[in-house]
Amino acid sequence: MALKLNEQYCSRCSICRSLCPFEAIKKDSETGKVLLEIEKCQVCGICYSACPAKAIDIIYYDSDSLINYLERARQEYGSEALVIMCKGSAPDFTEVERLFGVSKFIPLSVPCVGRISDEVFLKAIAMGIREIYVLACDENYCRFHRGSPVTGRRVLAFNLLLEQLGYGREAITLKRHSLRVKADRDLCIGCGNCAFYCPYGAAKLDSPGRANFDLNSCRGCGLCVAMCPALALELENWEREHISNLISKLLSEMKSPRILVFRCQWAVFPPLDGEFSPNVRAIDLPCTARVDTLHILEALQKGADGVLIAACPEEDCKQEKASGRAQHLVAALREKLNQIGFQDRLHFCSVAPRYDERFDKELQQFSQRIKDIYSKGERK
Amino acid sequence: MIVTAQKPLDEILDSISPYSNILIAGCDGCTQPPRGLREAKTLSQLLELGGRLRGKNFLFKATTVVKQCDSFLAASALKPQVDGAAAVLSLACGAGVQTVAELFPGLSVLPAQNTHFIGVEDREGGILEERCTACGDCILARMGGICPVTRCAKGLLNGACGGARNGKCEMDPAKDCAWELIFLRLEKQGNLDRLKEFRPARNYQLRAWRLTP
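Bear in mind the structure is a predicted one, so any value in this text is a computation, not a measurement.

Analysis parameters
Residues numbered from 1 in each chain as written. Chains lettered and ligands numbered in written order. Predicted model: local features only at pLDDT ≥ 70, side-chain atom pairs only at ≥ 80, totals over all residues. Helix = DSSP H or I, 4+ residues; strand = E, 2+ residues; numbered from the N terminus. Expected span 1.5 Å × (residues − 1). Buried ≥ 20, exposed ≤ 12 C-beta atoms within 10 Å, placed from the backbone. Arc of directions from axis to C-beta. Contact = placed C-beta atoms within 7 Å. Nonpolar A, V, L, I, M, F, W, Y, C, P; charged D, E, K, R; others polar. Pairing = 2+ DSSP bridges. Axes fitted to C-alpha atoms, helices over the stretch in contact; angles between N-to-C directions.

Visitor: Can you walk me through helix 11 (residues 322-340) of chain A in this structure?
Guide: Since one α-helical turn is 3.6 residues long, residues separated by three or four positions face the same way. Residue and element names in this part refer to chain A. Spanning 19 residues, helix 11 covers 28 Å between terminal C-alpha atoms, matching the ideal 27 Å at 1.5 Å per step. Those residues of helix 11 not exposed but buried are A322, S323, R325, A326, L329, V330, L333, K336, L337 and I340. Taken end-on, helix 11 shows its buried residues confined to a sector of 150°, consistent with a single buried face. More than 90 degrees from the buried face of helix 11, the exposed residues found are H328, A331, A332 and E335. Phi for G341, located one or two positions after helix 11, is positive at around 95°.

What follows is the structure, encoded as C-alpha cells:
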C-alpha cells in the first residue's frame, strides 16, 4: 500500500481529513481515531505534506527521496534554479524557459505540487538553491481538486516567512498552467466525434459542420484527439509527432524483446530514480484517453514486440471515465491485430498507485508472455 | 448516413496481395463510422504489419476524399495521388468505390468495406441500425415517423401481422416490432385513427435508379 497512517504518532488534529479531496480520511466518532480508507485514496500526497506530526508515510516522492533527488540533480544539471512542476500541466523545457525566463534549471515534476512539504522547500534553500519556481495547474484543471489551491496558499505563507528571513519579497515564483486541445479547423470534417466524446462539453459542432472548442472547459484528457477521424486535433505537449519521435527514440535504445508501455500518469507513479530493464521503456500520457491506435501500431511497426497500456480503473479516472473509452478502443484494435496474426501483443491493464506493486506484476506477466512469443519466433 | 463495416483483414490482405504500391483512400462523407484519414492510416499500418507476417512488403500511401461518391471531388483529390499506385483500396461505400473505379479504369479499385444500409448510429450504445430502404415513396408522415417498409421484417404496409411477442418481431426476437412502435407513437400523438386508413400495395416502380435533380 502506498500510504500509511501511523496511529502512534497521530495527534488527531484532523488537518489531513479536512484537506483530503477524496474523503478518504475519516474520524471514528467513538474513539476519535483518524482512519484512512485506502480504497478512496488517490495518493495525491496533500495529507502527507500537511501532517504536523509526520504521522503519514507515503511511498512516492516522500520528503527524503525528494531531497536526495535535489542533491543529485543539482550536480547533474549544474544549476541553482529549481522548477517544481505538476505533472498534469508540466510543459516541455522550452515552454518552462518562456514561462519563467530561466534557461538552466533543475526540473522536478510530481503528481500534484500540493504534496511538496515545507521541509523540501527549506532544505532546497539550505542546499544553496537560489531560485524556486513553482508551476501548478490552473485551479479548474487540478486533477486532485484541491492540490492547486493548497499549493497557492502554501507558497503565499512560505513567501511571507522567507521575506521575514531576509530573502526578499516573493522568493518563490508561482505560476499556473494547463495543457489543452489545439484544433485545426481546416481539417475538420464535421463528424461530431469530439462533441460527442468530450466529457466536459468543451466541443461543439455548428452547421456547416466545423468543431468549436471552449478552451476554458477543456481539461486536457485527449479523448477527442484519439477519436478524431480527420486527425484535426492535437493535445498541447502530447502532439502526435512528439509522441512518434519519442517512440522511435525509446525503441532505438532498447534491447529485444522490446516492450513499450503507454501509461496514464495518474495510474503509475514512477520512482524519481526509476530505471527499467533494457527491454522496457514507458511513455507517460495525460490520461489513457490519449492513447492513440496510430501510436500503438507505429510502435509495433518500428520494432516493439509488445505494447502494454496502463490505465486507471474507471472509478479512479481523473477524467470522467475516459479510461473506459480507451479500454474500448484498445479492445477493438486487439481484435484487428488478432486478424492479421499479432495475437497477444497488446495488453490493457487497470492499475492504481495506491497499490504500488500491481503495475510491476502486470509488467512482469506481460514481459514473460512477450519473451515466450519472441523466443518462439527466434527458433523459427 | 451510409453504414459500412470493415471487411475482415484477411480478405483485404488477399485482395491486395497481387500489388505492392497501394493508395488507401478514406472518405469523409456520410459513411459511418467515419472512415477518414485516421482510418486510412490505421488500415495501412495494420496491413503493413499483416503483410510482414505473410512475407509481403506493401508500400502504402494514405489519403482521404471529402466525398468519394462525387466524381468531381474524388478526381480532384485522388488524381495527384495515384501516380505509381497499382491499386486503390477504398474505405468508401459501394457508390464511392464505383466512382473511383470509373475514374481510374486502368487501376484495380478494391473495397475495404462492406456496405450495409442507410441508417443511424446510437453512439452511446455503439450500435448502427437500418432506417431507410430508399423506396422512393415516403409514407413516414402517416406512420408516426417510423418506417414499416424498412423496419417491419415483412415490409407490411397494413400491419401488424400478429406474430409479435412482447413487442419483438417473430422473425428476429432481437428486433422491435415496427408496427407496435408505430401504434405506440400514434397513440401518444392521439392519431390512432390513421391506422384505419387502408394503404394500397407498395409501388415498386417508384424506386428510381436515375433522377434529374
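Additional details are given in the paragraphs that follow.
Visitor: Is there a simple way to explain the interface of chain A and chain B in this structure?
Guide: Accessible area lost on assembly of the parts is the figure often given for the size of an interface. With 19 residues of chain A in contact, the opposing surface of chain B contributes 18 residues. If you list the elements that add at least two residues to the side of chain A that touches chain B, you get helix 7 (193-197), helix 10 (293-301) and helix 11 of chain A. For the side of chain A that touches chain B, the element with the most residues is helix 10 of chain A, which contributes six residues. Looking at the side of chain A that touches chain B residue by residue, the classes come out as 12 nonpolar, five polar and two charged.

Visitor: Explain the sheet that holds strand 13 (residues 259-264) of chain A to me, please; I cannot follow it from the model alone.
Guide: By definition, the strands of a sheet pair up through backbone hydrogen bonds, in either a parallel or an antiparallel sense. Residue and element names in this part refer to chain A. An order of 14-13-15-16 is seen for the four strands of this open sheet, with the pairing classed as parallel. Of all strands in the sheet, those bounded by a partner on one side alone are strand 14 (280-285) and strand 16 (346-350). In this sheet, neighbouring strand axes are inclined to one another by 20° on average, regardless of whether the strands run parallel or antiparallel. In terms of strand pairing, strand 13 meets strand 15 (residues 306-311) through five bridges, oriented parallel. Directly across from V261, in strand 15, lies its bridge partner L308.

The values reported here are purely geometric and, on their own, carry no functional implication.
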